[in-house]
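Results of the structural survey
Here are the chains, one letter per residue:
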Amino acid sequence: MEINNILFTGRLIKELGSLLDSSEALKGKSLRFIPENAVSMEDLEWADAYVAFQPTENFHFGNIKWIHSLGAGVDRYMALGKWPEDVLLTRTITSFGQKIGEYTLSYMLKDLQHHDTFDGQQRRGEWKMVAPRGLNEVKVVIFGTGEIGQEVARILAYFGVKVYGVSRSGVKKSHFRQVMPLEELDDTCLRDADYIINTLPLTAETERLFDADFFEKLNQAVFINVGRGGTVDHDALLAAMDSDSVKAAVLDVFEEEPLPVGSPLWSKPGVTITPHISAITTPKEAVACFLETLECVESGRKIRNAVDPGRGY
Ligand code: NAP
């Protein structure tokens, strides 16, 4: 596929512009870096490639042959509706798994080492022993055994965590003791879990997957969501925290971002909210993945980060 006119939009355009300015790989191509709200119909007609985190509000495919998502998730592109057969969709794959591995590990250790308890005791001048629990004593179930899930599993398994995985296919992956297809996930596996980590993409199948039925199978587990907010029924999560099937929740992603001021999640004891920072795309990483993908697109080499629009991820 030959690419000549590339339209970049979204919050990274300034940095991408300066990093790509002198790129040999882009010699002879025309580039436009335009803020999302200023992209015109003419820009979309002009472009044969579109590079951004999401489609603009006025998005239409025009002459676009290739869309490259600057994020790993493509749910906002999938929400455009039926995907045109002749448009290639690729996504950014970079150090997200390592970052999310560190994010989850930090909250697990905070819990296992009783940081909140000791902070409270120190404020009260109280000396009371509470034994920390070891990482090798706990069981984690990771939903999604893809790029991110596998890396999180690698990091946690290194510290002795018993790691189980859930995916669509159930294909065995390294670092997981067992990988189960969603429909074969049994209640005992969930009842024994100390932590549930969600790394699933948002698709028609995963929307509201974590609902009241799911949460009631848990037994004092901590629920960590780094996938997408739309996979969770948050009312059901709050109810599950009241009934003690969920001990705490660490939430990095929400259906509406920023999380609205009036959301009950903000003030719920036991809920930790972070502003979608568990794996931020850096400009350098974005450029490296974009250029590698462009090379594959133009040379016909295998594209490892192509999205299957039929599956939605
Ligand atoms: P990926 O490599 O495509 O992996 C997706 C995994 O989800 C696969 O294991 C897949 O199963 C599984 N899956 C998909 N649909 C399923 C279903 N219906 N039931 C059970 N399992 C299902 O994706 P990734 O790179 O790991 O990224 C995953 C998601 O993380 C992204 O889509 C994005 O939403 C989120 N993300 C968040 C952040 C953040 O900052 N919080 C950053 C990056 C990404 P198979 O293996 O059987 O295909």
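Heads up: these notes are all about the structure in this document. Counting from 1, residues in each chain are numbered in the order their sequence is written. Given that this is a predicted model, residues contribute local features only at a pLDDT of at least 70 and side-chain atom pairs are listed and counted only at 80 or more, while totals for whole chains, interfaces and linings are drawn from all residues. Each side-chain value is derived from all of the structure's non-hydrogen atoms; neither hydrogens nor water enter the calculation.

**Description of helix H9 (residues 234–242)**
Partly exposed residues are those whose accessible area sits between 20% and 50% of the maximum for their type, while under 20% is buried and over 50% is exposed, using a 1.4 Å probe and protein chains only. Under the scheme used here, helices are H or I runs from DSSP no shorter than 4 residues and strands are E runs no shorter than 2 residues, and both carry numbers assigned from the N terminus. Among the residues of H9, those classed as buried are His234, Ala236, Leu237, Leu238, Ala240 and Met241. One or two steps after H9, the chain reaches Asp244, where phi turns positive at roughly 75°.

**Brief notes about the pattern of salt bridges**
Criterion for a salt bridge: a side-chain nitrogen of Lys or Arg within 4 Å of a carboxyl oxygen of Asp or Glu. With the rule as written, the count across this model stands at 18 salt bridges. Taking the shortest distance from any N to any O, the salt bridge between Asp43 and Arg32 comes out at 2.7 Å. Here Asp43 is found in helix H2 (residues 41–46), whereas its partner Arg32 is found in strand E2 (residues 30–34), with 11 residues between them in sequence. Here Arg133 makes a salt bridge to Asp194, at a shortest N to O gap of 3.3 Å. On the criterion of sequence distance, the pair formed by Arg133 in the loop between helix H5 (115–123) and strand E6 (139–143) and Asp194 in the loop between helix H7 (187–191) and strand E9 (195–198) is long-range, its members being 61 residues apart.

**Points about unusual backbone geometry**
Residue Glu257 is joined to Pro258 through a cis peptide bond whose omega torsion reads -5°. Relative to the helices and strands, Pro258 is located in the loop between strand E11 (246–251) and strand E12 (271–273). Phi is positive for Arg208, close to 55°, though the residue is something other than glycine. Here Arg208 lies in the loop between E9 and helix H8 (212–215). On the basis of relative accessible area, Arg208 is assigned to the partly exposed category, the value being 33%. Even without being a glycine, His276 presents a positive backbone phi close to 50°. Residue position: His276 is located in the loop between E12 and helix H10 (283–299).

**Comments concerning the site of the ligand**
Any residue with a heavy atom positioned within 4 Å of a molecule or strand is treated as near that molecule or strand. Among the 30 residues in the neighbourhood of the ligand, the closest are listed as Arg91, Thr145, Ile148, Ser169 and Tyr313. Gly146 places a polar main-chain atom, nitrogen or oxygen, 3.1 Å from an oxygen atom of the ligand. A 3.5 Å cut-off defines polar contacts: any pair of N or O atoms within that distance qualifies, except that in protein one atom must be a possible hydrogen donor and the other a possible acceptor, and neighbouring residues in sequence count only when both atoms are side-chain atoms. The backbone of Gly227 places a nitrogen or oxygen atom 3.4 Å from an oxygen atom of the ligand. Mapped onto the shell around the ligand, the elements with two or more residues apiece are helix H4 (96–112) and helix H6 (147–158). The residue makeup of the shell around the ligand, split by class, is 11 nonpolar, 11 polar and eight charged. For every domain, the bounds stem from an assignment made automatically or drawn from a database. The residue makeup of the shell around the ligand includes at least three contributed by each of domain 1 (5–94 + 281–299) and domain 2 (96–273). The classification used treats Ala, Val, Leu, Ile, Met, Phe, Trp, Tyr, Cys and Pro as nonpolar, Asp, Glu, Lys and Arg as charged, and all other residues, Gly among them, as polar.

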